[in-house]
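Residue-level listing of the chains:
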Amino acid sequence: MTNTSMTSTSMRTHQCGELRPEHIGQTVSLTGWVGRRREHGDKLAFVDLRDHTGITQCVINDDVDVRSEYVLQVKGVVRARPDGTVNSALPTGEIEVGECEVTILRKATPPPFPIDARADDVDENIRLQYRYLDLRRERMQKNLRIRSAVNAATRTAMERQGFVEVETPMLVPSTPEGAREFLVPARKEPGSFYALPQSPQLFKQLLMVGGVDRYYQIARCLRDEDLRADRQYEFMQLDMEMSFVGQDDVIDAVSEAVLDAAEAVTGERPDPIERITWLDAMNRFGVDKPDLRFGMELSELTDVFAGTEFKAFSSAGSIKGIKVDGAAGEYGRNQLDKLTGRAKQVGAKGLVWLKCTDEGFDSPVAKFLSDGEVAAIKETMGAATGDLILIVADEWATTCEVLGTLRNDLGRPPVHEGPYRYVWVVEFPLFIGFTDDGRPKSGHHPFTMPHPDDVDKFDTDPMSVRSIAYDLVLNGWELGSGSIRIHEPELQRKVFTALGITPEEADKKFGFFLNPFEYGAPPHGGFAFGLDRLVAILAGEDNIREVIAFPKTQSGTDPMTNSPVPGDPKAVADLGLRLIPQVD
Ligand code: ASP
């Protein structure tokens, strides 16, 4: 047993969560904040002294004026709590510190909310306005420490695998990730702007041209997109790139880092991460980020209705269904109407519901279904009496999206409920959807390598070209994406053409990036995963704001610093800018 703890300083021997019966008899010094104070009688008071490690009960003279959140140094002797007063819920609950000499290091204004779990119910804007007080709480301290453990384990895993940490600039030209960028006016070149990096994408690829071989960075990335529970303007990524590799090499290196990070937090190493193709993920779960913690997979019913008389089904390109076990009784007309409304909101023309009974189906469309169709639905979906079946008939992408959304709505467990289900989604399409002016859009980004088996489909059927792009998904959250990159200029030109980017445009936008490739670019690929999201899930939080020390609110503001604030007119003018009145 040591007399002092690892974090002892000239002001303290131990921290507030450390003392145990083995310390009884020792004279100790603690520092921290006053949590609760209770009068004891006999001219004594109990004070809970708190720091991030926990609390220790200190017995002090009641004439010492210490109040909530005062900052103290307490010197005293560790002793056993009297019989009957042991608190087994508290790690330090068997001891207390007596004969206390109290030094008030700093008085404190009463805090606007209690510094404990009760603050969970306080309006988030108030918590963020007083974030420095919110951070004193156990939940926030735990989250910040989980974050630190994830960062440390990730770094160690990358270093162990021979990756080199390289910092890339924050003032960059536009990068092609496709999100809206933050622009920074260049004072010395009025009218010109830097962008803040959406990711280090271009630079990390140039590091490969530069022979770095294996790069990583815990990188801050910025995207000016509407904020959500899993999205902030600024976020942190483990960004990496490696040379002379194929997809499996990248997946293995990233898996190692993610599994190490998870193990560092949970104490358990997750199983090796499974893989699913994008097409399978869509067909089975309706989304490209499947939550594998629950079943309710989509059933393929298109063939079942190949010769159907039922009009709503006969012309549809794709028919799929999901089954909610035993839910037929729970869903009244009102709820079914709500589900239909939700399906329409996501893009369906309608939603067919069927309640399984001993006789067949109870449903407004039952009369349109043949006996053969009823039997085939039941068999394909493994339906039993009491189950509720939901069917969507539409074009394939819509069928998937609607049922994928309903599956998540109806079945997805809360984020803090285990188990952790990691999955690699591979073979993303090279192009997903079209821009407003009808050009195909990159599924990942324009430098992603097409699948070698699909290159000849570029001109005939570009939308069916797969790519060597992969996502890592955890419990239905997209943790990150990556791809093998194009390193041959001819192929790059072909992809640009398919994207509707002319050679002149490509040269203007990406010339500084593509010309270096002419000097001998190695085959390379990489990945980036969001640390905020990984930490949030490992911490059981469903909002990444809870794992970020100083996040922005949903509307992009910071109630603590009041940012953003109007620009000082002189500073704005110095940048060569003139503000125009805002019209709504
Ligand atoms: N830059 C990509 C992203 O941030 C990741 C990658 O392709 O490495 O999503």
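Source: prediction; values computed, not measured.

Criteria and cut-off values
Residues numbered from 1 in each chain as written. Predicted model: local features only at pLDDT ≥ 70, side-chain atom pairs only at ≥ 80, totals over all residues. Heavy atoms only, no water. Helix = DSSP H or I, 4+ residues; strand = E, 2+ residues; numbered from the N terminus. Buried < 20%, exposed > 50% of the residue type's maximum accessible area, 1.4 Å probe, protein only. Lys, Arg positive; Asp, Glu negative; His and termini not counted. Salt bridge = Lys/Arg side-chain N within 4 Å of Asp/Glu carboxyl O. Polar contact = N/O pair within 3.5 Å; in protein donor to acceptor, adjacent residues only side chain to side chain. Contact = heavy atoms within 4.5 Å. Core = buried A, V, L, I, M, F, W, Y, C linked by side-chain atoms within 4.5 Å. Pairing = 2+ DSSP bridges. Axes fitted to C-alpha atoms, helices over the stretch in contact; angles between N-to-C directions. Patch = residues over 30% accessible without salt bridge, like charges linked within 9 Å, V, L, I, M, F, W, Y side chains within 5 Å. Areas by Shrake-Rupley, 256 points an atom, 1.4 Å probe, with all protein chains shown as cover. Phe/Tyr/Trp six-rings, centres within 6.5 Å; stacked < 30°, edge-to-face > 60°. Arc of directions from axis to C-beta.

Participant: Could you clarify how one ought to interpret the side chain of Asp51 in this entry?
Facilitator: Inspection of the secondary structure puts Asp51 in strand 2 (residues 44-51). Put simply, Asp51 is tucked away with no salt bridge, and the nearest opposite charge, on Arg12, sits 4.8 Å away. Here Cys16 takes part through its backbone nitrogen, which lies 2.9 Å from a polar atom of the side chain of Asp51. Within the structure, the side chain of Asp51 is placed 2.5 Å from the side chain of Thr53, a separation counted as a polar contact. Ignoring sequence-local partners within four residues, the contact set of Asp51 consists of Gln15, Cys16, Gly17 and Thr31.

Participant: Explain the nonpolar core to me, please; I cannot follow it from the model alone.
Facilitator: When a protein is soluble and globular, its nonpolar side chains tend to lie buried together. Grouped together as the largest cluster of nonpolar side chains are 65 residues, with contacts concentrated most on Met240, Val250, Tyr422, Trp424, Phe527, Phe529 and Leu534. For this core, the leading source of residues is helix 5 (residues 247-266), giving 9 residues. Beyond its immediate chain neighbours, meaning those up to four positions away, Leu534 contacts Val150, Ala261, Tyr422, Leu474, Leu479 and Phe529. If you look at the next biggest cluster of nonpolar residues, it comprises 20 residues, including Met296, Leu351, Trp353 and Leu403.

Participant: What should I look at first to understand the sheet that holds strand 22 (residues 524-530) in this one?
Facilitator: Sheet strands associate in pairs through backbone hydrogen bonding, adopting either a parallel or an antiparallel arrangement. One open sheet accounts for 8 strands, arranged 6-9-10-22-21-20-17-11; its pairing is mixed. Lying at the two open borders of the sheet, with one neighbouring strand each, are strand 6 (164-165) and strand 11 (274-277). Contacts from helix 5 reach strand 10 (234-243), strand 11, strand 17 (422-426), strand 20 (469-474), strand 21 (477-484) and strand 22, with the element oriented near 160° to strand 17.

Participant: What am I meant to see in unusual backbone geometry here?
Facilitator: A negative phi angle is the norm for most residues apart from glycine, just as the trans form is the norm for most peptide bonds. A cis amide bond links Ser563 with the next residue in sequence, Pro564, at an omega value of 0°. Position of Pro564 relative to the elements: it lies in the loop between helix 13 (531-539) and helix 14 (569-574). A positive phi angle is found at Glu99, which is not glycine, with a value near 50°. As for its position among the elements, Glu99 is in strand 5 (residues 95-106). Overall, Glu99 belongs to the exposed group, its relative accessible area being 62%. The backbone phi angle of Asp213 is positive, close to 75°, even though this residue is not glycine. Within the secondary structure layout, Asp213 lies in the loop between helix 4 (201-209) and strand 9 (214-222).

Participant: Just to check I follow, could you spell out the pairing of strand 4 (residues 71-80) for this structure?
Facilitator: The side chains of a regular strand alternate, residue by residue, between the two faces of the sheet. As paired strands, strand 1 (residues 27-41) and strand 4 are joined by 7 bridges and run antiparallel to one another. Bridge assignment links Val28 to a residue of strand 4, and that residue is Gly76.

Participant: Would you mind going over a nonpolar patch on the surface with me for this structure?
Facilitator: Together, Met170, Leu171 and Tyr194 give the surface a local cluster of nonpolar side chains, amounting to about 270 Å² of exposed area. For Leu171, a relative accessible area of 45% gives the class partly exposed.

Participant: Help me out: how do you make sense of the pattern of salt bridges in this one?
Facilitator: On inspection of all chains with the given rule, the structure shows 45 salt bridges. Note that Arg127 and Asp134 form a salt bridge whose closest N and O atoms lie 3.1 Å from each other. The exposure class assigned to Arg127 is buried, which follows from its relative accessible area of 3%. Since its relative accessible area comes to 0%, Asp134 is described here as buried. For Asp532, the salt bridge is made with Arg147, and the minimal N-O distance between the two is 2.9 Å. Pair noted here: Asp532 is in helix 13 and Arg147 is in helix 3 (residues 138-160), with a separation of 385 residues, a long-range link. Side by side, Asp532 and Arg147 carry an identical accessibility label, which is buried. Three or more residues are tied together by salt bridges with common partners; here these are Asp120, Arg127, Arg131, Asp134, Arg137, Arg139, Glu541 and Glu546.

Participant: Can you help me understand the packing of aromatic side chains in this one?
Facilitator: For the structure on display, the rule yields 16 aromatic pairs. Measuring from ring centre to ring centre gives 6.1 Å for Phe431 and Phe458, while their planes differ by 85°; the resulting arrangement is edge-to-face. In this pair, Phe431 is assigned in strand 18 (residues 431-434) and Phe458 in the loop between strand 19 (440-442) and strand 20, connecting sequence segments 27 residues apart. Side by side, Phe431 and Phe458 carry an identical accessibility label, which is buried. Ring geometry for Phe447 versus Phe496: centroids 6.4 Å apart, planes at 85°, classification edge-to-face. One end of the pair, Phe447, is in the loop between strand 19 and strand 20; the other, Phe496, is in helix 11 (residues 489-498), with 49 residues separating them in the sequence. Just as Phe447 is buried, Phe496 falls in that class too.

Participant: Mind showing me how you'd approach the side chain of His451 here?
Facilitator: Locating His451 in the fold gives a position in the loop between strand 19 and strand 20. Judged by its relative accessible area of 14%, His451 is buried. Beyond its immediate chain neighbours, meaning those up to four positions away, His451 contacts Glu427, Arg466, Ser467 and Ile468.

Participant: Sorry, what's going on with helix 4 here?
Facilitator: Owing to its 3.6 residues per turn, the α-helix aligns residues three or four sequence positions apart on the same side. For helix 4, every residue scored as buried is listed here: Gln201, Leu202, Lys204, Gln205, Leu207 and Met208. Tucked inside the fold, the buried residues of helix 4 contact strand 9, strand 10, helix 12 (503-514) and strand 22. Count one or two residues on from helix 4 and you reach Gly211, which has phi positive near 80°.

Participant: What is the right way to read helix 11 from this model?
Facilitator: Residues of helix 11 that are buried: Leu491, Gln492, Val495 and Phe496. End-on, the buried residues of helix 11 take up no more than an arc of 140°, which puts them together on one face. Exposed side chains of helix 11 directed beyond 90 degrees from the buried face belong to Glu490 and Thr497. Structurally, helix 11 contributes buried residues whose contacts are with helix 12. Two residues or fewer after helix 11 comes Gly500, characterised by a positive phi angle close to 80°.

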